[in-house]
Amino acid sequence: MRHIVIASDHGGFGLKEKLKPYLAKKGFKIKDLGTSSKDSCDYPRFAYSLAKEISQGKYKRGILICKSSIGNSIVANRLPGVRAALCYNIKAARLSREHNDSNVLVLGSLFVNLNLAKKIIGVWLNTEFKGGRYQRRLNQIKRIEKEIKKWRA
């Protein structure tokens, strides 16, 4: 069984809840990090929780959802090893995997409905990283992450 972690704030809660059965049907065991209602909450807490799971290697892939998902992207990409891609369409999802080996898919509920979200997720989950020159670029990102770590020490 494949594993995936998912999280949202109140703005993404409805879409997240509708996507969980879809992911389960695709054979995923889902870890839901919240939120658990439509009550107003702050997205950074949930984005950080999910990104930490990815950064620490506990999960290989994750999905974050809020209204625009811009903030989720900002938070998630602050953690080493996290390559969160904000995707509003299928082409962006495919390229985020092929070129960037994205490991967190970020969706905005204001911009994607359930049917489009399912298509985006399907492409994102089934697209392989191309490697080659793209690996060279990922290696550069890893060096940047190490440099930042030195600054903070």
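Rules behind the numbers
- Residues numbered from 1 in each chain as written.
- Predicted model: local features only at pLDDT ≥ 70, side-chain atom pairs only at ≥ 80, totals over all residues.
- Heavy atoms only, no water.
- Phe/Tyr/Trp six-rings, centres within 6.5 Å; stacked < 30°, edge-to-face > 60°.
- Helix = DSSP H or I, 4+ residues; strand = E, 2+ residues; numbered from the N terminus.
- Lys NZ or Arg CZ within 6 Å of the ring centre and 35° of its normal.
- Core = buried A, V, L, I, M, F, W, Y, C linked by side-chain atoms within 4.5 Å.
- Buried < 20%, exposed > 50% of the residue type's maximum accessible area, 1.4 Å probe, protein only.
- Contact = heavy atoms within 4.5 Å.
- Axes fitted to C-alpha atoms, helices over the stretch in contact; angles between N-to-C directions.
- Parallel < 35°, antiparallel > 145°, perpendicular 65-115°, else oblique.
- Left-handed = near helix turned anticlockwise from the far one by under 90°.
- Nonpolar A, V, L, I, M, F, W, Y, C, P; charged D, E, K, R; others polar.

S.K.: Teacher, can you tell me more about the packing of aromatic side chains here?
M.R.: Each aromatic ring pair is summarised here by two numbers: the centre-to-centre distance and the angle between the ring planes. Tallied over the entire structure, the rule returns 1 aromatic pair. On the numbers, 4.5 Å between centres and 35° between planes, the contact of Tyr 88 with Phe 111 is tilted. Of this pair, Tyr 88 sits in the loop between β4 (84-86) and α4 (90-98) while Phe 111 sits in the loop between β5 (104-108) and α5 (114-126); the two residues are 23 residues apart in sequence, bridging distant segments of the chain. One residue, Arg 61, lies across the ring of Trp 124, its end atom 4.7 Å from the ring centre.

S.K.: Looking at this structure, how should I read the nonpolar core?
M.R.: Nonpolar side chains tend to gather and get buried jointly when the protein is soluble and globular. Core analysis: the largest hydrophobic core is formed by 20 residues, its most contacted members being Leu 23, Ile 63, Leu 105, Leu 107 and Ile 121. Counting only elements with at least two residues in this core, the list comes to β1 (2-8), α1 (13-25), β3 (62-66), β5 and α5. In terms of residues, this core owes the most to one element, α5, which gives 5 residues. Sequence-distant contacts of Ile 121, that is, excluding residues within four places in its chain, are made with Leu 19, Tyr 22, Leu 23, Ile 63, Leu 105 and Leu 107. Ranked by size, the runner-up nonpolar core spans 17 residues in total, among them Cys 41, Leu 50, Leu 64 and Ala 76.

S.K.: When you look at the packing of α4 against α5 in this model, what are you seeing that I'm missing?
M.R.: Two quantities define a packed helix pair, namely the angle between the axes and the distance from one axis to the other. Packing of α4 against α5 brings their axes to within 8 Å, and their N-to-C directions diverge by 20°. Considering the angle they form, α4 stands roughly parallel to α5. The two elements α4 and α5 cross, and the hand of that crossing is right-handed. Together, Ile 90, Ala 93, Arg 94, Ser 96 and Arg 97 of α4 and Leu 116, Lys 119, Ile 120, Val 123 and Trp 124 of α5 make up the contact between the two elements. In terms of residue class, the contact of α4 with α5 is built from 6 nonpolar, 1 polar and 3 charged.

S.K.: Would you mind going over the side chain of Thr 35 with me for this structure?
M.R.: On the secondary structure map, Thr 35 appears in the loop between β2 (28-32) and α2 (43-55). Sequence-distant contacts of Thr 35, that is, excluding residues within four places in its chain, are made with Ser 8, Asp 9, His 10, Phe 13, Lys 16, Cys 41 and Phe 46.

S.K.: It is not clear to me how the environment of Gly 14 should be interpreted in this structure. Could you clarify?
M.R.: Inspection of the secondary structure assignment puts Gly 14 in helix α1. Here the alpha-carbon distance between Gly 14 and Ser 37, two residues 23 residues apart in the chain, equals 8.4 Å.

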